[in-house]
Amino acid sequence: PAPLYLDCDTGVDDSLALAYLLASPEIDLVGVGSVSGNVGARQGAVNTLDLLALAGRGDVPVAVGAHDPLAGEYGGGVPHVHGANGVGDVVLPPSGRAPAEESAVELLLRLSHEHAGRLRVVAVGPLTNLALALRADPTLPERVRDLTVMGGAALHPGNVSPVAEANIACDPEAAAEVLAADWDVTLVPLDVTMADLLEETDRKALLEAGTALAPWLGDVLDLYFDFHVATFGRRCSALHDPLAAAIAVGGVRPTVAPRVPVVVDDTRGPGRGQTLCDLRGLYAGHPDVPGARTRVVLATGSPLAPHLLERLLR
Ligand code: BDR
Ligand code: CA
């Protein structure tokens with residue numbers, strides 16, 4: 001299995017992505033870093049430790065990452081979406097384990113040396129830790145096999161402004177630096193993550209599962225399902241972070257994913273946080289732009305939910 005580092009702001013859908021990765025034989029989760037987003041970085045790390053303990057994976061190192069974005073200060077979480085504690089206000093059994101002594105940036109850099117050329121990176125929160133790691137060591141991308149990012153919106157509206165998606169909007173400066181660096185990036189934007197939903201019947205299956213972790217995930221999803229009523233007209237949820245994880249692992253395959261230049265708007269105007277993807281080639285039937293490094297996923301070949309459940313329920 002390929003060594004994989006996960007950077008996240010755990011988070012309801014982050015929890016699903018973590019659980020999915022733990023259930024994926026294609027990869028070996030060798031470390032998790034936290035970053036402020038859905039909750040503060042320290043609470044995110046505590047949530048990750050608790051979930052790992054439930055999954056019987058107390059061996060995976062968890063490091064606390066950046067609390068504040070590169071410019072400015074952390075604006076606080078989104079209690080009406082992810083709960084005040086990030087996991088839908090469910091009190092998970094405490095792991096009793098402390099985060100690693102090293103920071104998330106130190107963990108990522110260390111793993112990139114230990115698994116040079118093989119390490120896969122999945123980022124499903126704001127990109128602050130990755131930007132700080134790049135600043136500390138600009139050669140990092142040479143040692144990373146590929147990077148999959150949940151973030152942005154290509155042709156889809158934003159979810160925190162008319163044009164900006166939350167992970168990018170939390171730290172546009174970091175996203176701009178990460179997407180400008182020389183690694184093999186797959187961007188999984190709202191265009192696909194808003195089209196792959198988990199339904200109440202799926203949540204019920206999680207609640208009734210015979211594993212230690214899955215029923216807790218069903219519980220954690222309850223508040224997140226409420227939040228999505230305003231968007232979809234029924235209790236359900238988007239599957240942002242697990243979709244990025246599944247694409248990284250190969251469990252879901254992109255069918256339309258041109259390699260195009262992506263520029264992040266980090267100005268202070270109304271476009272702040274927008275991911276400007278040059279998709280003009282789609283008109284001509286030649287969507288790839290020569291030399292572009294970022295693959296922007298615009299469509300996938302199969303729905304995520306059945307595949308996700310198959311892995312989470314076993
Ligand atoms: C992204 O923002 C967070 O709220 C989710 O965990 C996901 O990573 C979706 O915009
Ligand atoms: Ca997230």
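- For the protein chain, the name recorded in an unreviewed UniProt entry is Nucleoside hydrolase, with Isoptericola peretonis as its organism.

**A closer look at the nonpolar core**
Part 1 of the argument: With 103 residues, the main nonpolar core has Leu 217 and Ala 244 as its most contacted residues.
Part 2 of the argument: The element contributing the most residues to this core is helix H1 (residues 12–22), with eight residues.
Part 3 of the argument: Every residue in contact with Ala 244, bar those within four places of it in the chain, is listed here: Ala 17, Val 122, Val 124, Thr 148, Val 149, Met 150 and Val 188.

**Let's talk about the site of ligand 1**
Part 1 of the argument: Near ligand 1 there are 13 residues, and of these Gly 11, Asp 13, Val 124, Ala 166 and His 240 occur at the shortest range.
Part 2 of the argument: Counting only elements with at least two residues in the shell around ligand 1, the list comes to H1, helix H7 (166–170) and helix H13 (240–249).
Part 3 of the argument: Partitioning the shell around ligand 1 into residue classes produces three nonpolar, six polar and four charged.

**Quick look at helix H15 (residues 304–312)**
The α-helix advances 3.6 residues per turn, and as a result positions three or four apart in sequence lie on the same side.
Part 1 of the argument: Those residues of H15 that sit buried are Leu 304, Ala 305, Leu 308 and Leu 312. Mapping the buried residues of H15 onto a view down its axis gives an arc of 90°, with all of them on the same face. Away from the buried face of H15 by more than 90 degrees, exposed residues Pro 306 and Glu 310 are located.
Part 2 of the argument: The inward-facing, buried residues of H15 contact H1, strand E7 (197–199), helix H10 (200–207), helix H11 (214–227) and H13.

**Description of the pairing of strand E4 (residues 119–123)**
Part 1 of the argument: Among the five residues in E4, five count as buried, and that is most of the element.
Part 2 of the argument: Across the two faces of E4 the burial is the same, with Leu 119, Val 121 and Ala 123 and Arg 120 and Val 122 all buried.
Part 3 of the argument: Relative to E4, strand E1 (residues 2–8) is paired through four bridges, and the arrangement is parallel. Opposite Tyr 5, over in E4, you have Val 121 as the bridge partner.

**Thoughts on the packing of H1 against H11**
Part 1 of the argument: For the pair H1 and H11, the least separation of the axes is 9 Å and the interaxial angle reads 150°. Classed by the angle they form, the pair H1 and H11 counts as roughly antiparallel. Remark: the crossing between H1 and H11 carries left-handed chirality. Across from Val 12, Ser 15, Leu 16 and Ala 19 in H1, the residues of H11 making contact are Leu 217, Val 220, Leu 221 and Tyr 224.
Part 2 of the argument: Looking at the contact of H1 with H11, its residues break down into seven nonpolar, one polar and no charged.

Definitions and limits used
Residues numbered from 1 in each chain as written. Chains lettered and ligands numbered in written order. Predicted model: local features only at pLDDT ≥ 70, side-chain atom pairs only at ≥ 80, totals over all residues. Core = buried A, V, L, I, M, F, W, Y, C linked by C-beta atoms within 7 Å. Buried ≥ 20, exposed ≤ 12 C-beta atoms within 10 Å, placed from the backbone. Helix = DSSP H or I, 4+ residues; strand = E, 2+ residues; numbered from the N terminus. Contact = placed C-beta atoms within 7 Å. Near = placed C-beta within 6 Å. Nonpolar A, V, L, I, M, F, W, Y, C, P; charged D, E, K, R; others polar. Arc of directions from axis to C-beta. Pairing = 2+ DSSP bridges. Axes fitted to C-alpha atoms, helices over the stretch in contact; angles between N-to-C directions. Parallel < 35°, antiparallel > 145°, perpendicular 65-115°, else oblique. Left-handed = near helix turned anticlockwise from the far one by under 90°.

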